[in-house]
Amino acid sequence: MKKVIYRTIILFTSLLTACGASTTATSTITATKAQPTITPTTKSTAVTVKFIWKTSQNLGSFTGITVDEQGNIYAVGFSANKIYKLDTNGQLLAQWGGTGKGDGQLNGPAGIAVDKAGNIYVADHNNNRIQKFDSNGQFLSQWGSQGSEAGQFNGPDIVAVDSDGYIYVSEDKNHRIQKFDNTGRFVMLWGSEGSDNGQFGDPTGVVVDLQGNVYVADYARNRIQKFDPQGHFLSKVGRSGTGDGQLNGPSAIALDAEGNLYVADYNNNRIQKFDSEGRFLMKWGSPGKENGQFDRPWGIAIDGQGNVFVSEYGNARIQKFSPDVSH
């Protein structure tokens, strides 16, 4: 994934004119709505997924995505170096950012997360920092610099927030996870480059369950690793391939209210779902541009109702799916 995406950052950013950060309400994204049922390959036919809508205005390639407690969607506009805020129907509410190194400016933003207070955290990949905004896009703070020491970054990729407000950041070049409090104070780190348990190859997606266990999408190793709150390895799921439960570049992960794990299987152009023990449950998606198809799904988020939002790098759009228990 990053072998493709981040080589293009220099090209994107060299073509964009550096500008100041701003919060601006803009024209509405027209969300294409239709509700055909997509029947995924699954071990149980009790649940399918239903396509709800997709964004159709071209805002450029998307990377990370998150949803707040009110159902607002925040998506990272990778090629535009912007953050977009959308309502539950996919209508654009606001945008902020702009190319640069100043407060509120971005350079190759990747992951995004929201805390219980509605504050937004963005992994500003090429600027090697985390930026914090309020829910309206006003800049609040930042931390980090390039390096390999504690509190420094080399390719911050995905950011996640746990139920206590701690921040977790994956680094695809330092091959590790760092944990901070919500002011940016360093707490702990773990990981190194390798293929053993607890090691990583380009870690990307991060999510934390209610017990404080941390799940990490190990992109180059084609697996998801699970750690306890102290960073000790617990278990893993996945291996290289295209079969059920196999992965090819897992880029992002999310948990639903039941503890089921959803994986954006980037190079397989599909979403896979596992139970809390790592057992494969279902999958949906195939390469393409039609509803329910994907072109490099980069980000995934789940709201309080179990709706699944997928941001695509290749198709430059967001799709929304809902559980369909009528079948």
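All values reported here derive from a predicted model rather than from experimental measurement.

A. View of the packing of aromatic side chains. For the coordinates displayed, the defined rule picks out 18 aromatic pairs. Both rings, one in Trp143 and one in Phe180, keep their centres 5.6 Å apart while their planes meet at 55°; by these two values the pair is tilted. With Trp143 in strand E13 (residues 139-143) and Phe180 in strand E16 (residues 176-180), the pair connects residues that are 37 residues apart, well separated along the chain. Pair check on accessibility: Trp143 and Phe180 agree, each one buried.

B. Region of the structure containing the side chain of Lys54. Counting through the fold element by element, Lys54 comes out in strand E5 (residues 48-55). We note that Lys54 is buried and unpaired, the nearest opposite charge coming from Glu290 at a distance of 5.9 Å. Among the polar contacts made by the side chain of Lys54, one reaches the side chain of Asn291 at a distance of 3.0 Å.

C. Focus on the pairing of E16. Among the 5 residues that make up E16, 5 are buried, leaving the element largely enclosed by the rest of the structure. Neither face of E16 is exposed, since Arg176, Gln178 and Phe180 on one face and Ile177 and Lys179 on the opposite face are all buried. Bridging between strand E15 (residues 167-171) and E16 involves 5 bridges; their strand directions are antiparallel. Residue Ile167 lies in a different strand from E16, and its bridge partner there is Phe180. Connecting E15 to the antiparallel partner E16 that follows it, the hairpin turn spans 4 residues, and His175 within it adopts a positive phi of roughly 55°.

D. Molecular detail of the environment of Arg239. Considering the arrangement of structural elements, one finds Arg239 in the loop between strand E21 (233-237) and strand E22 (250-255). For the pair formed by Arg239 and Asn222, sequence separation is 17 residues and the distance between their alpha carbons is 5.3 Å.

E. A look at unusual backbone geometry. A positive phi angle, near 60°, is found at Arg296, a position not held by glycine. With respect to the element layout, Arg296 can be found in the loop between strand E25 (280-284) and strand E26 (297-302). Given a relative accessible area of 25%, Arg296 falls into the partly exposed group. One non-glycine residue, Ala316, lies in positive phi territory at about 50°. Along the chain, Ala316 turns up in the loop between strand E27 (308-312) and strand E28 (317-324).

F. Just the sheet that holds E15, in detail. Spatial ordering of the open sheet is given by E14-E15-E16-E17, a layout of 4 strands whose pairing is antiparallel. A single partner strand is all that each edge strand has here, and the edge strands are strand E14 (156-161) and strand E17 (186-190). For this sheet, the mean angle separating the axes of adjacent strands, direction not counted, is 20°. Direction of pairing for E16 relative to E17: antiparallel, over a ladder of 4 bridges.

G. Representation of the nonpolar core within the structure. Counting residues in hydrophobic clusters, the biggest one holds 18 residues, and the most contacted among them are Tyr168, Ile177, Trp190, Val206 and Val214. Not counting the four nearest positions on each side in its chain, Val214 is found in contact with Tyr168, Trp190, Val206, Val207, Val208, Gln225, Lys226 and Phe227. One finds Phe51, Ala254, Ile271 and Val310 within the second-largest nonpolar core, a separate group that totals 15 residues.

H. View of the sheet that holds strand E19 (residues 214-218). The 4 strands lie next to each other as E18-E19-E20-E21, forming an open sheet whose pairing is antiparallel. Two strands close off the open sheet at either side, each with one partner strand: strand E18 (203-208) and E21. Across the sheet, the mean angle separating the axes of adjacent strands is 20° when strand polarity is ignored. Looking at chain direction, E19 and strand E20 (residues 223-227) are connected through 5 bridges and run antiparallel.

I. Summary view of the pattern of salt bridges. Under the counting rule described, the total for this entry stands at 10 salt bridges. In this structure, Asp265 engages Arg270 in a salt bridge whose closest nitrogen and oxygen atoms are separated by 2.8 Å. Accessibility classification places Asp265 together with Arg270 in one group, the buried group. Two residues, Arg296 and Asp295, come together in a salt bridge whose shortest N-O distance is 3.0 Å.

J. Molecular detail of the side chain of Ser61. With respect to the helices, strands and loops of the structure, Ser61 is situated in the loop between E5 and strand E6 (62-67). The exposure class of Ser61 is buried, given its relative accessible area of 13%.

K. Broad picture of the environment of Asn182. Within the fold, Asn182 resides in the loop between E16 and E17. For Asn182, a relative accessible area of 34% translates into the label partly exposed. Sequence separation between Asn182 and Gly165 is 17 residues; the distance between their C-alpha atoms is 6.1 Å. What Asn182 contacts, discounting residues up to four positions off in sequence, is Tyr121, Lys132, Gly165 and Ile167.

Definitions and limits used
Residues numbered from 1 in each chain as written. Predicted model: local features only at pLDDT ≥ 70, side-chain atom pairs only at ≥ 80, totals over all residues. Heavy atoms only, no water. Phe/Tyr/Trp six-rings, centres within 6.5 Å; stacked < 30°, edge-to-face > 60°. Helix = DSSP H or I, 4+ residues; strand = E, 2+ residues; numbered from the N terminus. Buried < 20%, exposed > 50% of the residue type's maximum accessible area, 1.4 Å probe, protein only. Lys, Arg positive; Asp, Glu negative; His and termini not counted. Salt bridge = Lys/Arg side-chain N within 4 Å of Asp/Glu carboxyl O. Polar contact = N/O pair within 3.5 Å; in protein donor to acceptor, adjacent residues only side chain to side chain. Pairing = 2+ DSSP bridges. Axes fitted to C-alpha atoms, helices over the stretch in contact; angles between N-to-C directions. Core = buried A, V, L, I, M, F, W, Y, C linked by side-chain atoms within 4.5 Å. Contact = heavy atoms within 4.5 Å.

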